[in-house]
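Here is how the chains run, residue by residue.
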Amino acid sequence: PGCAYGVYVSGDYAYVSDGRDGLRIIDVFDPFSPSEVGFYTGGDDAHDVYISGSYVYIASWGGWWGAGCRIINISDPSLPSEIGYYNTPLGNARGIYVYGTYAYIANNHGGLRIIDISDPTSPSEVGFYDTGNKAEGVYVSGDYAYVADGGDGLRIIDVSTPSSPSEIGFYDTGSYAYGVFVSGNYAYVADHADGLRIIDISDP
């Protein structure tokens, strides 16, 4: 019913971040006849979504007053419930990627925030990096976080020590980097007016 921003598929379900209407859980077992089985609304705008185990991690935003990371238990998809929340400072959460026991959040003006989620009921920030522009999307692979940083293009952040992330490389994509996906030696960047940019990251 809202404005769909992001989607993550796990098993028979598609989890959709639906703006002000929160998280929508759609049964896609039969792709020709999808149906909603559950939803959760946290009061702010759900912008991106990531699934890990029995939890949905939502990057939510509410303008200059904040928002952040919401953690939703989906062990029963028909009855999702929030078990944890972290309000990210400065700006608002636009993108999220979970790797190990950390959630990496592209936090717009607030750069890259690294959240310890080892206890999903009590998430806490352990590190951050000011990417310089507006962090819109993030993908983590190995020791690196690849951040789509708006007008500053692709930023590559060493997160091998989560409490002390540091930039090791960047590429000016030319337009406005909104999203990034990494596969092998390439980063694929959704670059607004300039379309798809494919970046060789064999040497980060």
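Parameters and conventions
- Residues numbered from 1 in each chain as written.
- Predicted model: local features only at pLDDT ≥ 70, side-chain atom pairs only at ≥ 80, totals over all residues.
- Heavy atoms only, no water.
- Pairing = 2+ DSSP bridges.
- Helix = DSSP H or I, 4+ residues; strand = E, 2+ residues; numbered from the N terminus.
- Axes fitted to C-alpha atoms, helices over the stretch in contact; angles between N-to-C directions.
- Buried < 20%, exposed > 50% of the residue type's maximum accessible area, 1.4 Å probe, protein only.
- Core = buried A, V, L, I, M, F, W, Y, C linked by side-chain atoms within 4.5 Å.
- Contact = heavy atoms within 4.5 Å.

K.L.:
Outline the sheet that holds strand β2 (residues 13–17), listing residues and values.
P.N.:
Spatially, 4 strands are ordered β1-β2-β3-β4 in an open sheet, and the strand pairing comes out antiparallel. Single-partner strands in this sheet number two, and they are β1 (6–10) and β4 (35–40). Each strand axis lies, on average, 20 degrees off the axis of its neighbour in the sheet, ignoring direction. With 5 bridges joining them, strand β3 (residues 23–27) and β4 adopt antiparallel strand pairing. Residue pairing in the sheet places I25 in a bridge with G38 of β4.

K.L.:
Before we move on, could you go through unusual backbone geometry and cite the residues and values that matter?
P.N.:
Only a minority of non-glycine residues have a phi that is not negative, and only a minority of peptide bonds are not trans. One non-glycine residue with positive phi stands out, namely N108, at about 55 degrees. In this structure N108 comes out as buried when scored by relative accessible area, which is 5%.

K.L.:
How would you sum up the nonpolar core? Please name residues and give values.
P.N.:
Counting 37 residues, the largest nonpolar core has I96, L112, V138, L154, V180 and I201 as its most contacted members. Setting aside chain neighbours within four positions, we find I201 in contact with Y146, L154, I156, V182, G184, N185, Y186 and A187. Formed by 11 residues, the second largest nonpolar core is a distinct cluster that contains I25, Y40, V49 and I51.

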